[in-house]
Amino acid sequence: MNAEELRHLLADKPLVLDGGLATELENQGHALNDSLWSARLLSDSPGAIVETHLSFLRAGANIITSCSYQATVDGLMKKLRVTQERAETYIGNSVELAREARAQFQKEP
């Protein structure tokens, strides 16, 4: 979305932000009781993140936020025992998962 599209969207109507991502993931049965919270699913279950984003879009959300809360390079490296490069990839993937959900939603009837 470019700046002009965003201005038009903001001027047109109120926008609805997605809900509690972690709460919805827990409702789906994911245990998020560690230091990464929902960011752990960037490695363990990225598909669950996409599905949760989709559920918010289907419920009327205009804006979805990435699953990067609690996702820091140091935190991911320590908890998941991954390289800095891999940790950075996980954080970048949080945005890509949101984009994937948006693309899937836009294809739905």
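The rules behind each value
- Residues numbered from 1 in each chain as written.
- Predicted model: local features only at pLDDT ≥ 70, side-chain atom pairs only at ≥ 80, totals over all residues.
- Heavy atoms only, no water.
- Salt bridge = Lys/Arg side-chain N within 4 Å of Asp/Glu carboxyl O.
- Axes fitted to C-alpha atoms, helices over the stretch in contact; angles between N-to-C directions.
- Helix = DSSP H or I, 4+ residues; strand = E, 2+ residues; numbered from the N terminus.
- Parallel < 35°, antiparallel > 145°, perpendicular 65-115°, else oblique.
- Left-handed = near helix turned anticlockwise from the far one by under 90°.
- Contact = heavy atoms within 4.5 Å.
- Nonpolar A, V, L, I, M, F, W, Y, C, P; charged D, E, K, R; others polar.
- Phe/Tyr/Trp six-rings, centres within 6.5 Å; stacked < 30°, edge-to-face > 60°.
- Buried < 20%, exposed > 50% of the residue type's maximum accessible area, 1.4 Å probe, protein only.
- Lys NZ or Arg CZ within 6 Å of the ring centre and 35° of its normal.

Some thoughts on the pattern of salt bridges
Phase 1 of the analysis: If you walk through the whole model with that rule in mind, you get five salt bridges.
Phase 2 of the analysis: Note that Arg 40 is salt-bridged to Asp 34, the shortest N-O span being 2.8 Å.
Phase 3 of the analysis: One connected set of salt bridges, linked through shared partners, spans Asp 34, Arg 40 and Asp 44.

So, the packing of helix H4 (residues 46-58) against helix H6 (residues 84-107)
Phase 1 of the analysis: Remark: H4 packs on H6, axes separated minimally by 9 Å, with the N-to-C direction vectors making an angle of 50°. Judged on the interaxial angle alone, H6 and H4 are oblique. In this structure, H4 meets H6 at a crossing whose hand is right-handed. Two secondary-structure elements touch here, H4 through Pro 46, Ile 49, Val 50, His 53, Leu 54, Leu 57 and Arg 58 and H6 through Leu 97, Ala 98, Glu 100, Ala 101, Arg 102, Gln 104 and Phe 105.
Phase 2 of the analysis: Along the lines of polarity and charge, the residues of the contact of H4 with H6 split into nine nonpolar, two polar and three charged.

Focus: the packing of aromatic side chains
Phase 1 of the analysis: Counted by the stated rule, this structure contains one aromatic pair.
Phase 2 of the analysis: Both rings, one in Trp 37 and one in Tyr 69, keep their centres 5.4 Å apart while their planes meet at 35°; by these two values the pair is tilted. Of the two residues, Trp 37 is situated in the loop between helix H2 (21-27) and helix H3 (41-44) and Tyr 69 in the loop between H4 and helix H5 (73-80); the sequence distance between them amounts to 32 residues.
Phase 3 of the analysis: On the basis of relative accessible area, Tyr 69 is assigned to the exposed category, the value being 55%.
Phase 4 of the analysis: One residue, Arg 86, lies across the ring of Tyr 90, its end atom 4.3 Å from the ring centre.

Points about the side chain of Ser 38
Phase 1 of the analysis: Counting through the fold element by element, Ser 38 comes out in the loop between H2 and H3.
Phase 2 of the analysis: Given a relative accessible area of 5%, Ser 38 falls into the buried group.
Phase 3 of the analysis: Setting aside chain neighbours within four positions, we find Ser 38 in contact with Leu 21, Ala 22, Leu 25, Leu 32 and Cys 67.

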